Amino acid sequence: MTVPVSRLLLWVLLTLPAAWMAARFSLTPDAYGYGHAIGESGDWAAWLLLTTLAVTPLRLVFRRAKWTGWLLKRRRDLGLASFAYAFGHAAIYLWRKGSADMILDELSAPYILLGWLAFALFLPLAVTSNDRSMRIMKRSWKRLHRLVYPAAVLTFVHWALSAFDPTTAYIHIGILAAIEIVRVVLQRR
């Protein structure tokens, strides 16, 4: 099976921020340390999640536009990229903590617990984001993938609780709410 050029180009574009973060971390680890790496990986996970969630409302508003059809075909790619950045975010956190005891001690902090809960909800979505799973699971696939909505809420509350200044997280929560309100209103119409 060949991969369309547009899909390959999309994945190249989606990996550029990760490559940039890795380069900055390896070339200037003192200037670009843990705080930047954890923050930027989390930002990209959240931005790609919002983009993924925006596909349905965009498709409902611009039904005849070819670009929304393209986005619809690439929604799983965007979701998987969001998960990949979330996975990187979690891996950076685990690497920094370095011990299971320290990680378990921090689990009582609400923002850490919410982050892990969101990640736990995203994991089965990432594992089943393929054509084979869709064929095997049939209608159950769509029900499972509706977990993206509570997982998104947990993600943004995690961000708001973990940020030194939660203003940016609140703005993103507003964007998430707007996307979901538009989606629900248009789907009921």
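A.B. asks: What is the right way to read the packing of aromatic side chains from this model?
C.D. replies: How two aromatic rings sit relative to each other is given by the distance of their centres and the angle of their planes. Here the structure, examined in full by the defined rule, presents 10 aromatic pairs. Between Trp44 and Trp47, the ring centres sit 5.1 Å apart and the planes meet at 75°, which makes this aromatic pair edge-to-face. Linking Trp44 with Trp47, this pair stays in helix 2 (residues 34-61), spanning 3 residues, or about one helical turn. Judged by its relative accessible area of 30%, Trp44 is partly exposed. For Trp47, a relative accessible area of 35% puts it in the partly exposed group. Cluster of aromatic residues (ring-pair linked, three or more members): Phe83, Phe87, Tyr93, Trp116 and Phe119. The ring of Tyr149 carries Arg183 above its face, with NZ or CZ at 4.2 Å from the centroid.

A.B. asks: I keep staring at the side chain of His158 and nothing clicks. Help me out?
C.D. replies: Within the secondary structure, His158 is located in helix 9 (residues 148-162). Apart from residues lying up to four places away in sequence, His158 is in contact with His89, Tyr111, Ile112, Leu114 and Gly115.

A.B. asks: What's the story with helix 1 (residues 5-27) in this structure? I'm lost.
C.D. replies: Because each turn of an α-helix spans 3.6 residues, side chains separated by three or four positions end up pointing in the same direction. End to end, helix 1 covers 31 Å across 23 residues, agreeing with the expected 33 Å (1.5 Å per residue, within 8%). Where helix 1 bends most, at Leu16, the angle is about 30°, and the proline Pro17 comes one to four residues later. Residues Leu10, Leu14, Pro17 and Met21 constitute the buried set of helix 1. On its buried face, helix 1 sits against helix 2, helix 3 (66-73) and helix 4 (75-97).

A.B. asks: Sorry, what's going on with unusual backbone geometry here?
C.D. replies: In terms of backbone geometry, most residues other than glycine have negative phi values and most peptide bonds are trans. The residue Lys138 is not glycine, and still its phi comes out positive at about 50°. Structurally, Lys138 can be placed in the loop between helix 7 (131-137) and helix 8 (139-145). Since its relative accessible area comes to 64%, Lys138 is described here as exposed.

A.B. asks: Teacher, can you tell me more about the pattern of salt bridges here?
C.D. replies: Side-chain pairs of opposite charge can arise where the charged atoms are in close proximity. The final tally for this structure, using the stated rule, is 6 salt bridges. Notably, a salt bridge pairs Arg7 with Asp77, separated by 2.9 Å at the nearest N-O pair. In this pair, Arg7 is assigned in helix 1 and Asp77 in helix 4, connecting sequence segments 70 residues apart. With a shortest N-O distance of 2.7 Å, Arg183 and Glu180 are connected by a salt bridge. Here Glu180 and Arg183 lie together in helix 10 (residues 167-188), a separation of 3 residues that amounts to about one turn. The exposure class of Arg183 is buried, given its relative accessible area of 12%. Several salt bridges share partner residues, and in doing so they unite Arg7, Arg74 and Asp77 into one network.

A.B. asks: Explain the nonpolar core to me, please; I cannot follow it from the model alone.
C.D. replies: Generally speaking, nonpolar side chains in soluble globular proteins are found buried as a group. If you look at the biggest cluster of nonpolar residues, it comprises 37 residues, and the most contacted ones within it are Leu49, Leu53, Leu78, Phe122 and Phe156. Secondary structure elements with two or more residues in this core: helix 1, helix 2, helix 4, helix 6 (110-127), helix 9 and helix 10. Among the elements that take part in this core, helix 2 stands out by supplying 9 residues, more than any other. Setting aside its immediate chain neighbours within four residues, Phe156 contacts Ala46, Leu49, Leu50, Ala169, His172, Ile173 and Leu176.

What counts, and where the lines are drawn
- Residues numbered from 1 in each chain as written.
- Predicted model: local features only at pLDDT ≥ 70, side-chain atom pairs only at ≥ 80, totals over all residues.
- Heavy atoms only, no water.
- Phe/Tyr/Trp six-rings, centres within 6.5 Å; stacked < 30°, edge-to-face > 60°.
- Helix = DSSP H or I, 4+ residues; strand = E, 2+ residues; numbered from the N terminus.
- Buried < 20%, exposed > 50% of the residue type's maximum accessible area, 1.4 Å probe, protein only.
- Lys NZ or Arg CZ within 6 Å of the ring centre and 35° of its normal.
- Contact = heavy atoms within 4.5 Å.
- Expected span 1.5 Å × (residues − 1).
- Bend = angle between axes of the 7 residues up to and from the residue.
- Salt bridge = Lys/Arg side-chain N within 4 Å of Asp/Glu carboxyl O.
- Core = buried A, V, L, I, M, F, W, Y, C linked by side-chain atoms within 4.5 Å.

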